[in-house]
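As a plain string of letters, each chain reads:
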Amino acid sequence: MTTTAPPGTDTVTGPASDRPGGIRRIGLKAGRTAQGPGLVFVVPFLLVFALFLVWPIVHGLWMSFTDSSLALRDTAFVGFDNYAEAFGDPDVWSSLGNTVVFTAISSVPLVLIALAMALLVHSGLAGQWAWRLAFFAPYLLPVTVVTLIWTWLYQPELGLANQFLDTIGIAPVGWLSDESVAMWSIAALTVWWTVGFNFLLYLAALQSLPSTYYEAAALDGAGAWRRLWSITLPQLRRTTALVAMLQVLASLKVFDQIYILTKGGPNGSTRPVLEYVYDVGFTGYRLGYASAVSYLFFALVIVVSLVQLRLFRQED
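Residues numbered from 1 in each chain as written. Predicted model: local features only at pLDDT ≥ 70, side-chain atom pairs only at ≥ 80, totals over all residues. Heavy atoms only, no water.

Caption draft 1: Quick look at helix 3 (residues 90–122). The end-to-end C-alpha distance of helix 3 is 48 Å, a good match for the 48 Å that 33 residues give at a rise of 1.5 Å each. Downstream of helix 3 by one or two residues, Gly124 has phi in the positive range, about 95°. (Helix = DSSP H or I, 4+ residues; strand = E, 2+ residues; numbered from the N terminus. Expected span 1.5 Å × (residues − 1).)

Below is the structure:
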């Protein structure tokens, strides 16, 4: 007895919709149908993204090629004149040097101290919740509160810093008025304020390390220092790369604490690039020139990021 297969049905593979080609066609149709509701949810974000990020970037880039000013209504196209002036401006180079110095003296301790704090807490220290709170709490404070606290600490006559120096027989220091000390003072404030974020990144990485490595090392008779150098630190290499990259980028963009504490003083010894852009644009009213300087600095940050990524990939 023979049976006749209905149209669109294969006697071996079944209905056409069950074949791979049929599944593919059904998946494409479902995908097209799902795009409609998806776009409804994406469009508001794209509008906000374009309005508050894409448009300011494009408009700022255009302004960098003009003589736009807060004091003048008319704007003229000047080409690369602003960029040429920026390359020859000694104030741009001095503020860039201050930014690099701050990045160098703040990034290294922010990585090393955060690692030491995370290792201390992860070692099973008593009262871990209190240590975690103490290490991370400063990061939650707004910059105005942090600078107010440290302004009193650095106060020349009544500040705790100079009072401590007086008790050990050392002359008072102009923490924010001495050109050779001011940048170090701001770096110390920044380390105390922001190290908690790096601490959390390291602590999360430590808690995710497999315990089998340490159990095997203990069976081989490896001590605590040997386990640290041979297991923990190598396993934290990727986290260290991430922390270092984020910290360098954050330090390059320093502005708030320096502006509130010293406004770039004394004698411009602590003025970073972003404060110079602010001064030129909103105090000197030269928006076009300020935009050119900011885009040159933006290009520098991109180059530094790419170099860091390449170095970390080579290490991996």
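That shown, we press on.
Caption draft 2: Structural view of the packing of helix 3 against helix 10 (residues 237–252). Here helix 3 crosses helix 10 at 150°, and the two axes come no closer than 9 Å. Of the two elements, helix 3 crosses helix 10, and the hand of that crossing is right-handed. Contacts from Thr99, Phe102, Thr103, Ser106, Ser107, Leu110 and Val111 of helix 3 reach helix 10 at Thr240, Val243, Ala244, Gln247, Val248, Ser251 and Leu252. Here the residues of the contact of helix 3 with helix 10 sort into 7 nonpolar, 7 polar and no charged. (Axes fitted to C-alpha atoms, helices over the stretch in contact; angles between N-to-C directions. Left-handed = near helix turned anticlockwise from the far one by under 90°. Contact = heavy atoms within 4.5 Å. Nonpolar A, V, L, I, M, F, W, Y, C, P; charged D, E, K, R; others polar.)

Caption draft 3: Representation of the packing of aromatic side chains in the model. One pass over the full model with this rule turns up 18 aromatic pairs. A centroid spacing of 5.4 Å and a plane angle of 45° characterise the contact between Phe65 and Tyr83, whose relative ring orientation is tilted. Of this pair, Phe65 sits in the loop between helix 1 (20–63) and helix 2 (81–87) while Tyr83 sits in helix 2; the two residues are 18 residues apart in sequence, bridging distant segments of the chain. Between Phe80 and Tyr83 the ring centres are 6.1 Å apart and the planes differ by 55°, which places this aromatic pair in the tilted class. For Tyr83, a relative accessible area of 11% gives the class buried. Grouped by ring-pair contacts, the aromatic residues Trp62, Phe65, Phe77, Phe80 and Tyr83 constitute a single cluster. Seen from the ring of Tyr259, Lys263 lies directly overhead, with NZ or CZ sitting 5.2 Å from the centre. Cation over ring: Arg286 sits above Tyr289, and NZ or CZ is 4.5 Å from the ring centre. (Phe/Tyr/Trp six-rings, centres within 6.5 Å; stacked < 30°, edge-to-face > 60°. Buried < 20%, exposed > 50% of the residue type's maximum accessible area, 1.4 Å probe, protein only. Lys NZ or Arg CZ within 6 Å of the ring centre and 35° of its normal.)

Caption draft 4: Highlighting helix 5 (residues 143–153). Every buried residue belonging to helix 5 is among Val143, Val146, Thr147 and Trp150, and all of these are buried. Within helix 5, the buried residues cover an arc of 95° as seen down the axis, which keeps them to one side. Exposed positions of helix 5 whose direction lies more than 90 degrees from the buried face are Leu148 and Trp152. Close packing links the buried residues of helix 5 with helix 7 (182–207) and helix 11 (256–261). (Arc of directions from axis to C-beta.)

Caption draft 5: Seen up close, the confidence of the model for the chain. In this model, the chain carries an average pLDDT of 87, and 88% of its residues clear a pLDDT of 70 or more. Confidence over residues 8–17 falls short of pLDDT 50; this stretch has 14 contacts with residues more than four positions distant or in other chains. (pLDDT = per-residue confidence, 0-100.)

Caption draft 6: Molecular detail of the side chain of Thr194. Within the secondary structure, Thr194 is located in helix 7. Each residue touching Thr194, except ones within four places of it in the same chain, is listed here: Leu110 and Tyr139.

Caption draft 7: Highlighting the side chain of Thr103. Note that Thr103 resides in helix 3. Residue Thr103 is classed as buried on the basis of its relative accessible area, which comes to 9%. Look past the residues within four positions of Thr103 in its chain and what remains in contact with it is Val248, Ser251 and Leu252.

Caption draft 8: Structural context of the environment of Leu311. Tracing the sequence through the fold places Leu311 in helix 13 (residues 287–315). Of the residues examined, Leu311 reaches a relative accessible area of 46% and is grouped as partly exposed. With 70 residues separating them along the chain, Leu311 and Ala241 place their C-alpha atoms 9.4 Å apart.

Caption draft 9: Structural context of the pattern of salt bridges. Applying the stated rule across the entire model yields 3 salt bridges. Of the charged contacts in the structure, one is a salt bridge between Arg286 and Glu85, with a shortest N-O distance of 3.0 Å. Taken as a pair, Arg286 in the loop between helix 12 (273–283) and helix 13 and Glu85 in helix 2 lie far apart in primary sequence, 201 residues in all. For Glu85, a relative accessible area of 34% translates into the label partly exposed. The residue Asp91 makes a salt bridge to Arg271 at a minimum N-O spacing of 3.9 Å. Within this pair, whereas Asp91 is found in helix 3, its partner Arg271 is found in the loop between helix 11 and helix 12, the two being separated by 180 residues in sequence. Connected via shared salt-bridge partners are Asp91, Arg271 and Asp279. (Salt bridge = Lys/Arg side-chain N within 4 Å of Asp/Glu carboxyl O.)

Caption draft 10: Geometry of the packing of helix 3 against helix 4 (residues 128–136). The interhelical angle for the contact between helix 3 and helix 4, taken along N-to-C directions, is 165°, at an axis separation of 10 Å. By the criterion of interaxial angle, the relationship of helix 3 to helix 4 is roughly antiparallel. Crossing hand, helix 3 versus helix 4: left-handed. Contacts from Met117, Leu120 and Val121 of helix 3 reach helix 4 at Gln128, Trp131, Arg132 and Phe135. Within the contact of helix 3 with helix 4, the residues separate by chemical class into 5 nonpolar, 1 polar and 1 charged. (Parallel < 35°, antiparallel > 145°, perpendicular 65-115°, else oblique.)

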